[in-house]
Amino acid sequence: MIHLYWGEGKGKTTAAMGLALRALGHGRRVSVVQFLKDGTSGEIAPLRELGAAVYTCAEAKFTWQMDKEERSLARERFTELLSAALREPVDLLVLDEACAACEAGLLDAEVLRAAVLRAAKQAEVVLTGRVPMDWMLKSADYITEMRACRHPYERGIAARAGIEY
C-alpha cells in the first residue's frame, strides 16, 4: 500500500514518523529515507534506537542554496540513499520529502516511481512533500492533504526544536 501525505500544512513528516513509530511498536521492520534534510531533526535518534534504518544526507541544504555541482552531488547521494534503503527487507518504507526531491530534479522521478511501485508489493510505502507528482496521486492507496490554515511562522515565529523539527 502507498501512503501520500502532502500539502502546504504542517504535519506531513510528523504523520509519517508517527506511522514508523507505530510499526516499530508492532515489531515491524522500518526504513526511513530523508531527502533534503540533514538528519538532525528530533525523531531520527529515537527511531534508530528503536531499530529503524534511517538514511539521511548530512550535507543536505535548501535547494535554492545549491550550485550546479552541489545539485549533481545531491542527486547522486539521494539515489544512493534510496538504493540502500531498497536493499533492506522492510515492512514500512518512509520516503520523506520525496515529492520535493523529484520536483527539484534531485531525484529521478522514474527511478522513484519504479522503486515505490516495486516496494509497495511487499511493504507499506509513505511519500511526503508539498507537491506530489500525478503518478503519486494516482497510485496512492491513502492520501492525506495537509492544509495550512494558520501557522506561527506567519507571525515571524521561527521553527522550534521538538515541535517543527
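This text goes with the structure placed above it.
## Some points on the packing of aromatic side chains
Overall, the coordinates contain 1 aromatic pair when judged by the stated rule. Considering the side-chain rings of phenylalanine 35 and phenylalanine 78, the 5.6 Å spacing of their centres and the 90° angle between planes classify their relative orientation as edge-to-face. With phenylalanine 35 in the loop between strand 2 (30–34) and helix 2 (44–49) and phenylalanine 78 in helix 3 (residues 68–87), this residue pair connects regions lying 43 residues apart in the sequence. The pair formed by phenylalanine 35 and phenylalanine 78 is uniform in burial state, with each residue classed as buried.

## Let's talk about the layout of surface pockets
By volume, the largest pocket is sized at about 1500 Å³. Along the wall of the largest pocket there are 42 residues; nearest its centre are Lys37, Phe62, Glu97, Arg130 and Glu164. Elements supplying a minimum of two residues to the lining of the largest pocket: helix 1 (12–25) and strand 5 (124–129). Examining the composition of the lining of the largest pocket, we find that 5 residues originate from one element, helix 1, more than from any other.

## Observations regarding the pattern of salt bridges
Using the criterion set out here, one finds 6 salt bridges in the structure. Among the ionic pairs, lysine 37 bridges to aspartate 96, the shortest N-O distance being 2.8 Å. Taken together, the positions of lysine 37 in the loop between strand 2 and helix 2 and aspartate 96 in strand 4 (residues 92–96) put the pair 59 residues apart, joining distant regions of the chain. Judged by its relative accessible area of 0%, aspartate 96 falls in the buried class.

## Details of the sheet that holds strand 6 (residues 142–145)
Spatially, the 6 strands line up as an open sheet ordered 3-2-4-5-1-6, and their pairing is parallel. The sheet is open, and its two borders are formed by strand 3 (53–55) and strand 6, each paired with just one other strand. When the angles between neighbouring strand axes are averaged without regard to direction, this sheet yields 10°. In this structure, strand 1 (residues 2–6) lies alongside strand 6, joined through 4 bridges in parallel fashion.

## Some thoughts on unusual backbone geometry
Backbone geometry at leucine 36 places phi at a positive 65°, although glycine is not the residue there. The residue leucine 36 is located in the loop between strand 2 and helix 2 in this model. Given a relative accessible area of 22%, leucine 36 falls into the partly exposed group. Despite not being glycine, glutamate 97 has its phi angle at roughly 65°, a positive value.

## Here we look at the environment of glycine 25
Summarising the element assignment, glycine 25 is placed in helix 1. Judged by its relative accessible area of 68%, glycine 25 is exposed.

## What about the pairing of strand 2?
Taken across its 5 residues, strand 2 has 5 buried, putting it largely inside the fold. Side chains Val30, Val32 and Gln34 of strand 2 all project onto a buried face; the interleaved residues Ser31 and Val33 project onto the opposite face, where all are buried too. As defined by bridge partners, strand 2 adjoins strand 3 across 3 bridges and the pair is classed as parallel. Note on strand 3: the bridge partner recorded for valine 32 is valine 54. This β-α-β element, strand 2 to helix 2 to strand 3, shows right-handed connectivity.

What counts, and where the lines are drawn
- Residues numbered from 1 in each chain as written.
- Predicted model: local features only at pLDDT ≥ 70, side-chain atom pairs only at ≥ 80, totals over all residues.
- Heavy atoms only, no water.
- Phe/Tyr/Trp six-rings, centres within 6.5 Å; stacked < 30°, edge-to-face > 60°.
- Helix = DSSP H or I, 4+ residues; strand = E, 2+ residues; numbered from the N terminus.
- Buried < 20%, exposed > 50% of the residue type's maximum accessible area, 1.4 Å probe, protein only.
- 1 Å grid on protein atoms, 1.4 Å probe; cavity = no way out; pocket = protein on both sides within 12 Å on 5 of 7 lines; lining within 4 Å.
- Points joined across faces, edges and corners; volume = space filled by probe spheres on them.
- Salt bridge = Lys/Arg side-chain N within 4 Å of Asp/Glu carboxyl O.
- Pairing = 2+ DSSP bridges.
- Axes fitted to C-alpha atoms, helices over the stretch in contact; angles between N-to-C directions.
- Right-handed = clockwise from strand over helix to strand, strands pointing away.

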